[in-house]
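Survey of secondary and tertiary structure
Now for the letters of each chain:
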Amino acid sequence: MADTYYITTPIYYVNGEPHLGSTYTTTLADALVRYHRLFGQDSRFLTGTDEHGDKVAAMAAANGERPAELADRVSAIFRAAWPRFGIAPDDFIRTTEERHKRVVQKILQDVYNAGDIYFGEYGGLYCVGCERFYTEKELVDGRCPQHGTVPAYINEQNYFFRMSRYQSWLVDLLTAQPDVVRPERYRRELLAFLREPLEDLCISRPKSRLTWGITLPFDEDYVTYVWFDALINYVSALDYPDGELFARYWPGAEHLIGKDILKPHGLYWPCMLHAAGIPMYRHLNVHGYWTIGGFKGGKSDRAELREQEREEALRLFRDPIALADLLGVDGMRYCLLREMAFGSDLDFTRDLLVTRYNADLAHDLGNAVNRTVAMIGRYCGGVIPDPGQEFDVDRDLRDAACAAPGRVWAHVETMEPHLALDAAMDLAQRVNRYLEDKKPWTASKNGDAEGVATTLYYAAEALGIAASLLLPAMPTKMLELRCALGLDEQPPSAAGGWGYLEPGLPVAREARLFPTIER
Ligand SMILES: [Zn+2]
C-alpha cells in the first residue's frame, strides 16, 4: 500500500449537467475514498468543473450569457448535485479559479523554457465538439468518430507541445509498469495508439478566434488549449509545486475516468507530467460506458429493447435524481457500483437495477438483518446475547467474516469495485444460510438457550462486519444497520475484527432498511 491515496474524477465540462455517467464516476470515487479510509489510509478525493474552451464560449453566446456566467451557473449545479448522492469530495476545483490558472501558466512556462513548446503552422480537420484536430485516418467516413459531424479545415499558427519526443519513454513506461493503466485492455489500447507516430500537440488557440481561456504566459495573443488547461487541475488542486498537499498526496495519485477520455489521460497527460518534471500518477483507472440499447447514453433503435423500456432508461440516465428516488440514494449507489463490471460497458435498464436491488438488498441483506434483529428480540430479550460453545458451523461463519475484509480489500486494490461489493455481500448471504442451518427457532423450542444465543451472536457479529464492508457504497444505510445492532453512530474506523459486539447491547426491535421495489 502506498502511504497516501488521492482519487480524482474527470472535471466535468460545464456544457451539460450531471447524468448517470458522471454520477457513476463520482459515486465510485466517493466509495473508493471511503474504502481507503476504512482500511486506514490517509486519503483525498477531488472533483470539479472544466470551464474554458470553444464549446462553453459557443453555448454561452447561444444563451446570450457571458462565458463566466454560464460557468458559474453550471459549476454550481455540479457542486450542489453531488451531496444529493451521498458524495463528499474533499475539494472541488474550477479551472477558472486563480489557484488553477497560476499553475497552468507555471507549467506552460516551465515546459516552454525546457524547449518542449514551439511555434508553428498547422492546417487540419478540426471538430468543434471534441475541440481537437483529427487526422484523416482517425475519421470514420470523413466524420468525427465521437460526434458524427464533418470537421472543418482550419489553418492557423499555433504553439505546439513536443509530445513526439516522449513516445518511446511512454511505451517503455506502459511496458514496465503494466498496471499503471487498468483494466489491462486500456493499456493495450494505448500501446496500439503508440504503434503510430505520436504527433505534437497543438496547445494554443489564437485570441482572434477564442478568448475564453488561460492566456499563454509567453504570448498574450493566445489562450491555452482546453485539455492542456484541464488536465493540470489534478496538480493545481494540490497547490503544485510547493504545497504541502502536493508533497503528501501526489505520490498516491489515481485518476478515474470513462473510456472516452483515455487518450488525453493516457497519452497527453503522462507526457505533460514528464516534460514538467512531475512524477507519473500511480494508476489510470478506466471504466466503460453506460449504454442504452448498445449506444452510449442514448439513441438506439435496437428492436428487442421495448420502446417503453428504452424511454424509461433514457429518462433515468438523464435524471439520476429520479433513479435515487426509485432506489434510495444508497440503493442506487450500491446497484450502480455492483452492476457495472469495472472497465466493461453496461447496457442499462430500470429492470436491471431493480432486480439487483431486490435480490441483494431487499432479499439477501435485508432478510439477514430483519431475521437476526427480530429473533434477538424474541429469544434474547432484545439485547446482544452472550455466545456459548462454538461448533464447526459457527467457526465456518466466523472464519468467513474474518476473511471478508481481506477479500474486499484485495479487490479494492486491484480496482474491481463490483467484486469488492460481491465479497461483502457474500457475507450477508452466508448469514442467511447459517440461520437456515442452525434453525434457532427449533433450538429455542428444544430449550437450547445457549445454542440460540451463540447463533444469534454470530449472525449479528457477521452482519456488523458486512455493514462495515458495504459502508463505502451505502454510507447512510450501513450506519443505520450498525445502529440496529446496538453500535453507535460513528462510522467504523476499521473494516473488521471479530468480537466487537458487547453482549447486553440493546438492538433495534426491527430493521427494515430496504423495502422491496415493484418491478
Ligand atoms: Zn468530435
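So, a few notes on the structure that sits alongside this text. Residue numbering note: each chain is counted from 1, following its sequence as written. At least 70 in pLDDT is required for a residue's local features to be given in this predicted model, at least 80 for side-chain atom pairs to be given and counted, and no such filter applies to totals for whole chains, interfaces and linings, which use all residues. Side-chain calculation: all heavy atoms of the structure are included, whereas hydrogens and water are not.

**Overview of the packing of aromatic side chains**
- Centres within 6.5 Å are what make two rings of Phe, Tyr or Trp a pair, Trp counting through its six-membered ring; a difference in plane orientation under 30 degrees is then read as stacked, over 60 as edge-to-face, and the rest as tilted. According to the stated counting rule, one finds 27 aromatic pairs in the structure shown.
- With centroids separated by 5.7 Å and ring planes inclined at 20°, the aromatic side chains of Tyr118 and Phe160 adopt a geometry described as stacked. Of this pair, Tyr118 sits in strand S5 (residues 117-127) while Phe160 sits in strand S7 (residues 152-161); the two residues are 42 residues apart in sequence, bridging distant segments of the chain.
- An aromatic cluster is defined as three or more aromatic residues linked by ring pairs; in this entry it consists of Tyr6, Tyr234, Tyr240, Phe246, Trp250 and Trp269.
- Put simply, a charge is over a ring when the Lys NZ or the Arg CZ is close to the ring centre, within 6 Å, and near the line of the ring normal, within 35 degrees. Of note, Arg209 hangs over the ring of Tyr126, and the distance from its end group to the ring centre comes to 5.2 Å. By the criteria applied, helices consist of DSSP H or I runs no shorter than four residues and strands consist of E runs no shorter than two, each listed in order from the N terminus.

**Side note on the packing of helix H1 (residues 20-38) against helix H13 (residues 329-339)**
- Between H1 and H13, whose axes approach to 10 Å, the crossing angle comes to 95°. Relative to H13, the element H1 is oriented roughly perpendicular. Contacts between H1 and H13 involve Leu20, Thr23, Tyr24, Thr27, Leu28, Asp30, Ala31 and Arg34 from the first element and Met332, Arg333, Leu336 and Leu337 from the second.
- Partitioning the contact of H1 with H13 into residue classes produces 7 nonpolar, 2 polar and 3 charged. Interaxial angles span 0 to 180 degrees and are taken between N-to-C directions of axes, which are lines fitted to C-alpha atoms, for helices over the stretch in contact. Geometric relationships in this document are graded by angle, where less than 35 degrees denotes roughly parallel, more than 145 denotes roughly antiparallel, 65 to 115 denotes roughly perpendicular, and other angles denote oblique. Note on contacts: a residue pair qualifies if any of its non-hydrogen atoms lie within 4.5 Å across the two residues. Classes in brief: Ala, Val, Leu, Ile, Met, Phe, Trp, Tyr, Cys and Pro nonpolar; Asp, Glu, Lys and Arg charged; the others, Gly included, polar.

**Remarks on the coordination of the zinc ion**
- Any N, O or S atom lying within 2.8 Å of the metal counts as a donor, and for Na, K and Ca the limit rises to 3.2 Å; water is left out, so some sites can look incomplete. Within the protein, Cys127 (SG), Cys130 (SG), Cys144 (SG) and His147 (ND1) serve as the donor atoms for the zinc ion, at 2.0 to 2.3 Å.
- Coordination at the zinc ion is tetrahedral, judged from the 4 donor atoms that bind it and the angles of 98 to 117° they form at the metal.
- Donor residues binding the zinc ion come from one chain and are separated in sequence as C-x2-C-x13-C-x2-H. In this pair, Cys130 sits in the loop between S5 and strand S6 (132-134) while His147 sits in the loop between S6 and S7, placing the two residues 17 residues apart along the sequence.
- When its relative accessible area of 41% is taken as the criterion, His147 is described as partly exposed. Here a site with four donors is tetrahedral if all angles are between 85 and 135 degrees, and a site with four or six donors is square planar or octahedral if opposite donors are over 155 degrees apart and the other angles are between 65 and 115; anything else gets the irregular label. Only protein chains enter the accessibility calculation, which uses a 1.4 Å probe; a residue whose area is less than 20% of its type maximum is buried, one above 50% is exposed, and one in between is partly exposed.

**Examining the pattern of salt bridges**
- Think of a salt bridge as a Lys or Arg side-chain nitrogen and an Asp or Glu carboxyl oxygen that are within 4 Å of each other. Across all of its chains, the model carries 39 salt bridges by this definition.
- The residue Asp30 makes a salt bridge to Arg34 at a minimum N-O spacing of 2.7 Å. Here the residue Asp30 and the residue Arg34 both occupy positions in helix H1, the gap between them amounting to 4 residues, near one helical turn.
- By relative accessible area, Asp30 is classed as buried at 1%.

**Side note on the sheet that holds strand S12 (residues 219-224)**
- As summarised here, the arrangement of the 3 strands in space is S10-S12-S11, forming an open sheet in which the pairing is antiparallel. The open sheet has two edge strands with one neighbour each: strand S10 (204-206) and strand S11 (215-216). Should DSSP find at least two bridges between two strands, the strands are taken to pair.

**What to know about the side chain of Thr27**
- Counting through the fold element by element, Thr27 comes out in helix H1.
- Here a polar contact is recorded for every N or O atom pair within 3.5 Å, except that within protein the pair must consist of a potential hydrogen donor and a potential acceptor, and residues adjacent in sequence are included only if both atoms are side-chain atoms. Within polar-contact distance, the side chain of Thr27 engages the backbone oxygen of Thr23 at 2.6 Å.
- Those residues in contact with Thr27, other than ones at most four positions away along the chain, are Ile87, Arg333 and Leu337.

**Description of unusual backbone geometry**
- Note the cis peptide between Arg182 and Pro183, where omega equals -10°.
- When you line up the elements, Pro183 lands in the loop between strand S8 (181-182) and helix H6 (184-193).
- That bond from Tyr240 to Pro241 is cis: its omega, 5°, falls within 30 degrees of zero.
- Within the secondary structure, Pro241 sits in the loop between helix H8 (233-236) and helix H9 (244-249).

Read these as geometric descriptors, not functional statements.
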